[in-house]
2 protein chains.
Amino acid sequence: MGIELSLSNALWLLHDISLDIVHDDDKDLSPRQLTILLTVYLETPPHTVRGLAEKLQVSKPVITRALDAMSVAGLLKRRRDNEDKRNVLVQRTVAGALYLEGLAEIVQNRAADLRI
Amino acid sequence: MGIELSLSNALWLLHDISLDIVHDDDKDLSPRQLTILLTVYLETPPHTVRGLAEKLQVSKPVITRALDAMSVAGLLKRRRDNEDKRNVLVQRTVAGALYLEGLAEIVQNRAADLRI
DNA sequence: TTAGAATAATTCGGTTCCGAAACAACAACT
DNA sequence: AGTTGTTGTTTCGGAACCGAATTATTCTAA
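First things first, this report covers the structure right here in the doc.

1. Some details on the side chain of E43(A)
Topologically, E43(A) is positioned in the loop between α2 (31-42) and α3 (49-56). Here H15(B) takes part through its side chain, which lies 3.1 Å from a polar atom of the side chain of E43(A). Ignoring anything within four residues of it in the chain, the contact list for E43(A) reads L38(A), K55(A), R92(A), W12(B) and H15(B).

Right under this line is the structure:
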């Protein structure tokens, strides 16, 4: 199970992906923002500010500010939890899904181009 | 040649790597800084400020500031080019090599853990 | 019902980053 | 020599980010 990568190939893969992201990404997400976005889209809901802060091991204001920025960019949206109105549920958007799909294609292509 | 990844696996790989980096990395390199570091260590020398700026398609001050930060952290070092003293040659360090080796291991492990 | 806990957001001061422009040092060429 | 071009750095104002503390809202449980 899984993929066997040499150390060299692992670094080259990281290099190629990073270069593509620096080139293409006008959104310029920080590592934390990207991690939040990926978590919201991949892991099973619900996603709260507190849960995300624990998952990433950062403070809650960091999550709040990251959500502010990505909400403005339309990459995800907030909704109040009607069960417990203290909670904010972070939800996906079409724009966010498209953005991550582009990112996934970068990874796909760079992995496919690796000289094994 | 290369590795075939589904879109889902590509995203999960990115997610797992990002999460590890956010967790472990006290150095907290920006995407640009990481890309510079990987370029210096992987591509064939010499590496100049101008060359790196062109490669990443960013301005030269961005490179200068990134080199400042990473020099302080000991991840790489600058040396004047004796052939053309306008140039600064960016060179590797032991600390930088160790840092990238740790990063490569993260990628290796997360790729190995993928459910294909 | 009321005191305490939990949640997310906001404020605060300080730091860092950015892009554009100006700058200093050096090279190349007439 | 002198002029022009190149290279890397620095400066400047504005914007973004951070951690810690505070606030407002909501829930929980005595």
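2. Quick notes on the protein's contact with DNA strand C
Taken together, 19 residues sit near DNA strand C, with R50(A), T64(A), R86(A), V62(B) and R65(B) positioned nearest. In the interface set of DNA strand C, defined as its atoms within 4 Å of the protein, sugar plus phosphate atoms amount to 70%. Within the contact set of DNA strand C, a phosphate oxygen lies 3.1 Å away from a side-chain nitrogen or oxygen of R78(A). Side-chain polar atom of R65(B) to a base nitrogen of DNA strand C: 3.1 Å apart, as the coordinates give it.

3. What about helix α1 (residues 7-24) of chain B?
When the terminal C-alpha atoms of α1(B) are compared, their 26 Å separation across 18 residues agrees well with the 26 Å that a helix rising 1.5 Å per residue should span. The element α1(B) is largely enclosed, with a buried count of 13 among its 18 residues.

4. Some thoughts on the protein's contact with DNA strand D
For DNA strand D, the set of nearby residues contains 21 residues, the closest of which are K85(A), R50(B), K60(B), T64(B) and R78(B). For DNA strand D, the fraction of atoms within 4 Å of the protein that belong to sugar or phosphate moieties is 68%. K60(B) places a polar side-chain atom, nitrogen or oxygen, 2.7 Å from a base nitrogen of DNA strand D. For the surface near DNA strand D, the secondary structure elements donating two or more residues are α2 and α4 (60-72) of chain A together with α3 (49-56) and α4 (60-72) of chain B. Sorting elements by how many residues they give to the surface near DNA strand D places α4(B) first, with four residues. Residues of the surface near DNA strand D, tallied by class, amount to five nonpolar, five polar and eleven charged.

5. With respect to unusual backbone geometry
Cis peptide bonds are those with omega within 30 degrees of zero, and the linkage from P45(A) to P46(A) qualifies with 0°. Summarising the element assignment, P46(A) is placed in the loop between α2 and α3. If you check the backbone angles, Q57(B) has positive phi at about 60° while not being a glycine. Tracing the backbone shows Q57(B) in the loop between α3 and α4.

Rules behind the numbers
- Residues numbered from 1 in each chain as written.
- Chains lettered and ligands numbered in written order.
- Predicted model: local features only at pLDDT ≥ 70, side-chain atom pairs only at ≥ 80, totals over all residues.
- Heavy atoms only, no water.
- Helix = DSSP H or I, 4+ residues; strand = E, 2+ residues; numbered from the N terminus.
- Polar contact = N/O pair within 3.5 Å; in protein donor to acceptor, adjacent residues only side chain to side chain.
- Contact = heavy atoms within 4.5 Å.
- Near = heavy atom within 4 Å.
- Expected span 1.5 Å × (residues − 1).
- Buried < 20%, exposed > 50% of the residue type's maximum accessible area, 1.4 Å probe, protein only.
- Nonpolar A, V, L, I, M, F, W, Y, C, P; charged D, E, K, R; others polar.

By themselves, these observations are geometric and do not establish any function.
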